[in-house]
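# Fold and geometry: a report
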Amino acid sequence: MRMLWMAVVMACLSSSPVAKSSSTEVIEFRTQSYDTIGNQFSKPFMVMHQKAWYRDSMAIEEVSSINIISHYKSSRTETVGVMYYRFNDLRNRFVYEYKTFSDTATLIRKYAFSDTVPIAGGWNFRFDRNIDYKGIPDILSDTLIDKISYKRIQFPTGTKEYPSTSIHYSRCDKKGTVFNTCPLLSKKMDGCPVVKSFTFSLVQKGPAYSSEVNFLADRFTPEEEKVFNAWQKFARMSPIRN
């Protein structure tokens, strides 16, 4: 069957997309689910990469899907790729969807955040997700990964039957980014945005997954600039009437 891969499924996002920063950001949001039969985190069986572009309270998201093909006692996944793109006017809370990444792309549909249109995949600026944890989070020692310093926080998640632990990583050099997977946790980490998370089970058959924001660039390519400007102009000329 085909299903939309919820790129924010393991993240907790703010539902108030107030973009205070006017900087330009290009990121890739990667989510992975891992094989729980063997060694956790050694073999992801489902991986999704989705890009997003942001500037001046407006953003474009790739929206991808994945195929899960089930057979008797087995299944496999096949990445389908980008299905369409969402352009978000975050100040006015409007969304415009396009089939292709082109300045001449045909509009598929448009709607307001307040509409009941279901939104799945992509970064998804409309979702408000809070991680359900019990007890007091543990502040771990800072760590260095690929020459990047991260603050870390850990807390128990899951259920009594399938207990798990989540570790979240924040980057203080990225303060001001709109791509913060959990603003609530950031407050406990000197306001540094959470950009990486790992959840692993304390029992073998429990879930194991990760999510990560990779910062790709602080400027658009000429092609990206052309598309962004065209869609931004259309959004300003075509406001959504509630």
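Residues numbered from 1 in each chain as written. Predicted model: local features only at pLDDT ≥ 70, side-chain atom pairs only at ≥ 80, totals over all residues. Heavy atoms only, no water.

## Regarding the packing of aromatic side chains
Test applied: Aromatic rings from Phe, Tyr and Trp, taking only the six-membered ring of Trp, are treated as a pair when their centres fall within 6.5 Å; an angle between ring planes under 30 degrees marks them as stacked, one over 60 as edge-to-face, and anything in between as tilted. What counts as a helix is a DSSP run of H or I of at least four residues, what counts as a strand is a run of E of at least two, and both are numbered from the N terminus. Burial classification: accessible surface area is computed with a 1.4 Å probe over protein chains only, and a residue below 20% of its type maximum counts as buried, one above 50% as exposed, and the rest as partly exposed. For a lysine, the NZ atom is tested; for an arginine, the CZ atom; a charge sits over a ring if that atom is within 6 Å of the ring centre and within 35 degrees of the ring normal.
What the rule picks out here adds up to 15 aromatic pairs. With a centroid separation of 5.7 Å and 70° between ring planes, the pair formed by Phe87 and Phe228 is classed as edge-to-face. Of this pair, Phe87 sits in strand 5 (residues 74-89) while Phe228 is found in helix 2 (residues 222-237), placing the two residues 141 residues apart along the sequence. Ring centres of Phe125 and Phe179 lie 6.2 Å apart, and the angle between their planes is 55°; on these two criteria the pair is classed as tilted. Of the two residues, Phe125 sits in the loop between strand 7 (107-112) and strand 8 (138-145) while Phe179 sits in the loop between strand 10 (163-170) and helix 1 (183-186), which places them 54 residues apart along the sequence. The exposure classification of Phe125 matches that of Phe179, with both residues buried. Through a chain of ring-to-ring contacts, three or more aromatic side chains come together here, namely Trp53, Tyr85, Phe87, Tyr96, Tyr98, Phe101, Phe220, Phe228, Trp231 and Phe234. Over the ring of Phe215 we find Lys174; its NZ or CZ atom is 4.6 Å from the centre of that ring.

## Let's talk about the nonpolar core
The line we're drawing: Within this scheme, the nonpolar core is defined by two criteria: the residues are buried Ala, Val, Leu, Ile, Met, Phe, Trp, Tyr or Cys, and they are joined through side-chain atoms within 4.5 Å.
Within the largest apolar cluster, 20 residues are counted, with the highest numbers of intra-cluster contacts made by Ile27, Tyr54, Trp123, Phe125, Phe179 and Val213. Of all elements in the fold, only strand 2 (25-34), strand 3 (44-55) and strand 10 reach the threshold of two or more residues within this core.

## What about the pattern of salt bridges?
Quick note on the threshold: Should a side-chain nitrogen of Lys or Arg be within 4 Å of a carboxyl oxygen of Asp or Glu, the pair is scored as a salt bridge.
Summed over the entire model, instances satisfying the criterion amount to twelve salt bridges. Among the salt bridges present, the one from Glu97 reaches Arg109, with a minimum N-O distance of 2.7 Å. Of this pair, Glu97 sits in strand 6 (residues 94-98) while Arg109 sits in strand 7, placing them twelve residues apart in sequence. Looking at Glu97, the relative accessible area reads 2%, which means it is buried. Close ionic contact of Lys196 with Glu212 constitutes a salt bridge, the shortest N to O distance being 2.6 Å.

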